[in-house]
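Each chain, written out:
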Amino acid sequence: MRRKWLLLLLLGGMSPSVIHAQTLNIFAAASLKESASEIARQFERRHPNITVNLNFGGTQQLVAQIREGAPVDILMSAGFEPLKSLHYDKSSLLLFATNKLALVVPSGSKRVQSFQDLATGIRLIVAAPRVPVGRYTDEMLLKAQRELGSAWVGKVNQGIVSREQDVRAVLAKVSLGEADAGVVYVTDVSTAKGKVRSIPIPSKYNVQAQYPAVRFNDSANASFTRGFLKFLLEADAQKTLKSHGFGPPNTPIDHKPKTR
Amino acid sequence: MNRIVGRWGWWLLAGMPILVFLLIPVFALIVKAVDNRVAITPEFGQAIRLSFETSLISMILIVALGTPLAFVVARFRFPVRRVINALIDLPIVFPPAAAGIALLLAFGRHGLVPTSFGATSIAVVMAQSFVASPFYLRAAIHAFTRSDYDTEESAALDGARPLTIVTRIVLPQCGAQLIGGGVTSWARALGEFGATILFAGNLVGKTQTMPLAIYIGWETDLDQAIALSAIMLVIAFFAIVAVRLMAEDGRSP
């Protein structure tokens, strides 16, 4: 009798790993919320025996989770920099999308009409420097500094009232009117339709965000993970990304992990 | 004496699992922090300073504004008393993140009561006071309900005024419990995270308190986060010890 229970317990303990063979754990940057969810559904439709689990967050949050041992098969990052501290399958690295920054203001607000208005003592919310979009924001301000001067940028920096944990937190605060402006990706603007309106950033200051995806060596589902990465570059997935406003990954990799 | 309920050894054995469960994380944190021996960066130093300032202000506000409310609930019978008594506990059941959103909707720049406190140190104090006040209010109501009425009545017979009775008899009698409640709410304010990051945001030196710095730190600089966590743990421990000592002090005379 007791042995029977033991056997059941053993089987019960084993079954999750059997299920795991059909599951893909994908960690994706917050800005990919809608597009990656859609791509995952497309992939599941094509491979009915695979279930895709998605975990969204600021890329630096996801990286920290992975470093602490969270089960992950694929990471879809909003930049190359965060990958530096991870051990992934180097041969799997591929660029699947690009993005650009956008300036958003609460839809009813008139305080910010142009990019230059950022230095008029307004309240600005951006992402934390360790979040990819926060890093891109700092890059953008650095570009602007060359033309508009360090006094201009100093004024902008003074207006920063909070540095949020991911791009969607920036968007949420601007939607609530807690800031006069925020810096997000162009792809985020449509997810807060009616609540925010975007102000163009002059292209000479704008920064291109690169979206790489990688798989992890120790992931048990090697063929599925490779299949998913390949799928990211196929027409269906690319069409989905394009419909959400992402750019094609055709630009050469100029953001190769730098050593600081 | 206690033999009728069994031997203490067996009871301790039964209580061991939870004790071990509670102590292992504490042990792990301290061992790692001591092992690392990292120096606190200026950024984290600012978080420590800000946390102490804001949580102390929160405690003072809670005690100053909460004492009269606790007193009226404890000592008088009036129409909405039971409703107020129940509402006091509301922030405890509120998930802190929900409290943060509620504070934004209430006191945000386009809130029900529009203010421009969001993303300032005032917002930090508001978030802390919101989540921490029940701990003081509960302790104070408890203290006022159970204090000795005889002394008050004889003082009144001798012609003492109500305010004199409250300040000279009631408050001293309840002192230990009130301080205990104040320290508990201060500790809760010190640990406040969810409501703060949502309502006050995250800016070094302005709104980034210790819990926020720990949360952000673990993603970028784990060793700093560990050091800061250990510091918070030590502070919290001494606060609890202080409360215990004061409670025992109040019981002995």
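Criteria and cut-off values
Residues numbered from 1 in each chain as written. Chains lettered and ligands numbered in written order. Predicted model: local features only at pLDDT ≥ 70, side-chain atom pairs only at ≥ 80, totals over all residues. Helix = DSSP H or I, 4+ residues; strand = E, 2+ residues; numbered from the N terminus. Buried ≥ 20, exposed ≤ 12 C-beta atoms within 10 Å, placed from the backbone. Contact = placed C-beta atoms within 7 Å. Domains from an automatic or database assignment. Nonpolar A, V, L, I, M, F, W, Y, C, P; charged D, E, K, R; others polar. pLDDT = per-residue confidence, 0-100. Core = buried A, V, L, I, M, F, W, Y, C linked by C-beta atoms within 7 Å. Pairing = 2+ DSSP bridges. Right-handed = clockwise from strand over helix to strand, strands pointing away.

Novice: So what about the overall build of chain A? Which residues, and what values?
Specialist: Within chain A one finds nine helices and nine strands. For chain A, buried positions account for 43% of its 260 residues. The long-range fraction of contacts in chain A, counting pairs at least 24 apart against all pairs at least 6 apart in sequence, stands at 79%.

Novice: Go over the overall build of chain B with me, naming the residues and quoting the values.
Specialist: Tallying secondary structure elements over chain B gives 11 helices and zero strands in all. Its C-alpha atoms give chain B principal-axis dimensions of roughly 65 × 60 × 30 Å. Taking all 253 residues of chain B together, the buried fraction comes to 35%.

Novice: Lay out the domain arrangement of chain A in plain terms, naming residues and giving numbers.
Specialist: Residues and elements named next belong to chain A. Annotation of chain A at the domain level lists domain 1 (2-98 + 210-243) and domain 2 (100-199). Here the C-alpha centre of domain 2 lies 30 Å away from the C-alpha centre of domain 1. Contact residues are listed per partner, giving 14 residues for domain 1 and 13 residues for domain 2. Contributions of two or more residues to the side of domain 1 that touches domain 2 are made by helix H2 (33-46) and helix H3 (59-67). A total of three residues in the side of domain 1 that touches domain 2 trace back to one element, the largest contributor, which is H3. In terms of residue class, the side of domain 1 that touches domain 2 is built from four nonpolar, seven polar and three charged.

Novice: Could you give an account of the confidence of the model for chain A, naming the residues involved and the relevant values?
Specialist: Residue and element names in this part refer to chain A. Averaged over all residues, the pLDDT of chain A is 87; the fraction at 70 or higher stands at 87%. Low confidence marks residues 6-21, where pLDDT is under 50. Its contacts with residues over four positions away, or in another chain, come to three contacts. Confidence drops under a pLDDT of 50 for residues 253-260, and excluding neighbours within four residues, the segment shows seven contacts in the predicted structure.

Novice: Before we move on, could you go through the nonpolar core and cite the residues and values that matter?
Specialist: Grouped together as the largest cluster of nonpolar side chains are 126 residues, with contacts concentrated most on Met76 and Val170 of chain A together with Ala127 of chain B. Apart from the residues lying within four places of it in its own chain, the contact partners of Val170 of chain A are Ile125, Val126, Ala127, Glu164, Gly182, Val183 and Val184 of chain A.

Novice: Which residues make up the environment of Leu24 of chain A, and what values go with them?
Specialist: Residues and elements named next belong to chain A. Looking at the secondary structure, you find Leu24 in strand E1 (residues 23-29). The exposure class assigned to Leu24 is buried, which follows from the 24 C-beta atoms found within 10 Å. Apart from the residues within four sequence positions on either side, Leu24 is in contact with Ile50, Val52, Asn53, Asp73, Ile74, Asn221, Phe224, Thr225 and Phe228.

Novice: I'd love a proper account of the interface of chain A and chain B, names of residues and values included.
Specialist: Every contact between the two is made by 12 residues of chain A and, on the other side, 14 residues of chain B. Among the elements of the structure, H3 and strand E6 (160-164) of chain A are those that each provide at least two residues to the side of chain A that touches chain B. It is E6 of chain A that contributes the most residues to the side of chain A that touches chain B, four residues altogether.

Novice: Please provide a residue-by-residue account of the pairing of E1 of chain A, values included.
Specialist: Residue and element names in this part refer to chain A. Across the seven residues of E1, six count as buried, placing the element largely inside the fold. Across seven bridges, E1 lies against strand E2 (residues 51-57) in parallel orientation. Bridge pairing links Ala29 to Gly57 in E2. Crossover handedness for the path E1 to H2 to E2: right-handed.

Novice: Report on the confidence of the model for chain B, specifying residues and quantitative values.
Specialist: Detailed reading of the predicted coordinates is not advisable wherever pLDDT is low. The pLDDT averaged across chain B works out to 89; a share of 96% of its residues lies at or above 70. The complex prediction reports pTM at 0.79, with the ipTM value standing at 0.72.

Novice: With reference to specific residues and values, describe unusual backbone geometry.
Specialist: One non-glycine residue with positive phi stands out, namely Ala119 of chain B, at about 65°. Locating Ala119 of chain B in the fold gives a position in the loop between helix H5 (96-107) and helix H6 (121-146).

Novice: An account of the domain arrangement of chain B is needed here, citing residue identities and associated values.
Specialist: Residue and element names in this part refer to chain B. The domain architecture assigned to chain B consists of domain 1 (1-37) and domain 2 (40-251). Computed over C-alpha atoms only, the centres of domain 1 and domain 2 are separated by 28 Å. The interface of domain 1 with domain 2 comprises six residues on the first partner and six residues on the second. Considered class by class, the residues forming the side of domain 1 that touches domain 2 number four nonpolar, one polar and one charged.

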